[in-house]
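So the chains spell out like this:
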Amino acid sequence: MTIRTLAASLGLAVLMTLPAQAHINLTSPSPLMDGHAFEETALKAAPFGAPGVDVEHARATTFQSGATIDIALDIYKIHPGEIVVSYTRDPEGEDVFPVYDIPSVKTPIPHVNTLLQTAAPCNADVGCATAAPGVKDFHLQVKLPDITGDIILVVRQVMRDKMIEADDGSVDLSMAYYHQAAKLHLVSATTSPAPVMDGSD
């Protein structure tokens, strides 16, 4: 069994066994799978949070290559950590699978093809306390890569309070992520006279 297959299996195992609900929902661009599917645990399945979706043949949202777009999220529960936006051309997402262990809590979590990495939002009333009420309609501005064709835009919640530290100091990240993704079709300025900024298909 390959590492990727094992990782995917772990994600599906989490999907089948965890009572936890998804804590994020990508509302724009249109996601491959809504955050409340599969009793709200589908977003644990790496790399896209869309188990069973035929990504290669999924519908894409068209944007201009290199455009800066608005990404909208509903975040239902607060977790200290990061929101990471990356992309891949691979419909299997081999290059954007998350890392599941790091040597220590001080080790930066590596990400590939990163477009944006920012602190997760906090609740205006109670701050960043774990599981505090979330932030609806949270927006990020992200510059798309200057390439054309189909990409998968990956939005990942990294929950620092879900990192599990072992006795030797190493850290297990298998519970630390929620994943969601959208398929985009990027066109050049010569084929699209004006940027498509509203996420229309």
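Counting starts from 1 at the beginning of each chain's written sequence and moves along it residue by residue. In keeping with the model being predicted, local features are shown solely for residues with a pLDDT of at least 70 and side-chain atom pairs are shown and tallied solely at 80 or more, while totals for entire chains, interfaces and linings include all residues. Calculated side-chain values reflect all of the structure's heavy atoms, with hydrogen atoms and water omitted.

J.: Run through the pairing of strand β4 (residues 81-88), naming residues and quoting values.
T.: With eight of eight residues buried, β4 lies mostly within the body of the structure. Think of it this way: DSSP has to see at least two bridges between two strands before they count as a pair. Helix numbers and strand numbers start at the N terminus; a helix is a DSSP run of H or I with at least 4 residues, a strand a run of E with at least 2. Relative to strand β8 (residues 149-159), β4 runs antiparallel, the two sharing eight bridges. Opposite Val84, over in β8, you have Arg156 as the bridge partner. Bridge analysis of β4 against strand β6 (residues 114-119) gives five bridges, and the strand direction is antiparallel. Bridge pairing in β6 places Ile83 opposite Thr118. Partly exposed residues are those whose accessible area sits between 20% and 50% of the maximum for their type, while under 20% is buried and over 50% is exposed, using a 1.4 Å probe and protein chains only.

J.: Give me unusual backbone geometry: which residues, what numbers.
T.: Between Ser28 and Pro29 the backbone carries a cis peptide bond, its omega angle lying at -5°. Relative to the assigned elements, Pro29 resides in the loop between β1 (24-28) and β2 (61-64). Residue Pro47 is reached from Ala46 by a cis peptide bond, and omega for that bond is 0°. Despite not being glycine, Asn113 has its phi angle at roughly 55°, a positive value. With respect to the helices and strands, Asn113 occurs in the loop between β5 (101-102) and β6. The class of Asn113 is partly exposed, set by a relative accessible area of 28%.

J.: An account of the packing of aromatic side chains is requested, with residue identities and associated values reported.
T.: Pairing of aromatic rings covers Phe, Tyr and Trp, the last through its six-membered ring, and needs centres within 6.5 Å; plane angles under 30 degrees mean stacked, over 60 mean edge-to-face, and all others mean tilted. In this structure the tally under the stated criterion is one aromatic pair. Pairing Tyr100 with Tyr177 gives two aromatic rings, centres 6.2 Å apart and planes at 85°, and the pair type is edge-to-face. Remark: Tyr177 occurs in strand β11 (residues 177-187) and Tyr100 occurs in the loop between β4 and β5; sequence separation between them is 77 residues. Accessibility assignment for this pair places Tyr100 and Tyr177 in one class, buried. Between Lys44 and the ring centre of Tyr178, over which it is positioned, the NZ or CZ distance is 4.4 Å. A ring is scored as having a charge over it whenever the NZ atom of a lysine or the CZ atom of an arginine sits within 6 Å of its centre and within 35 degrees of its normal.

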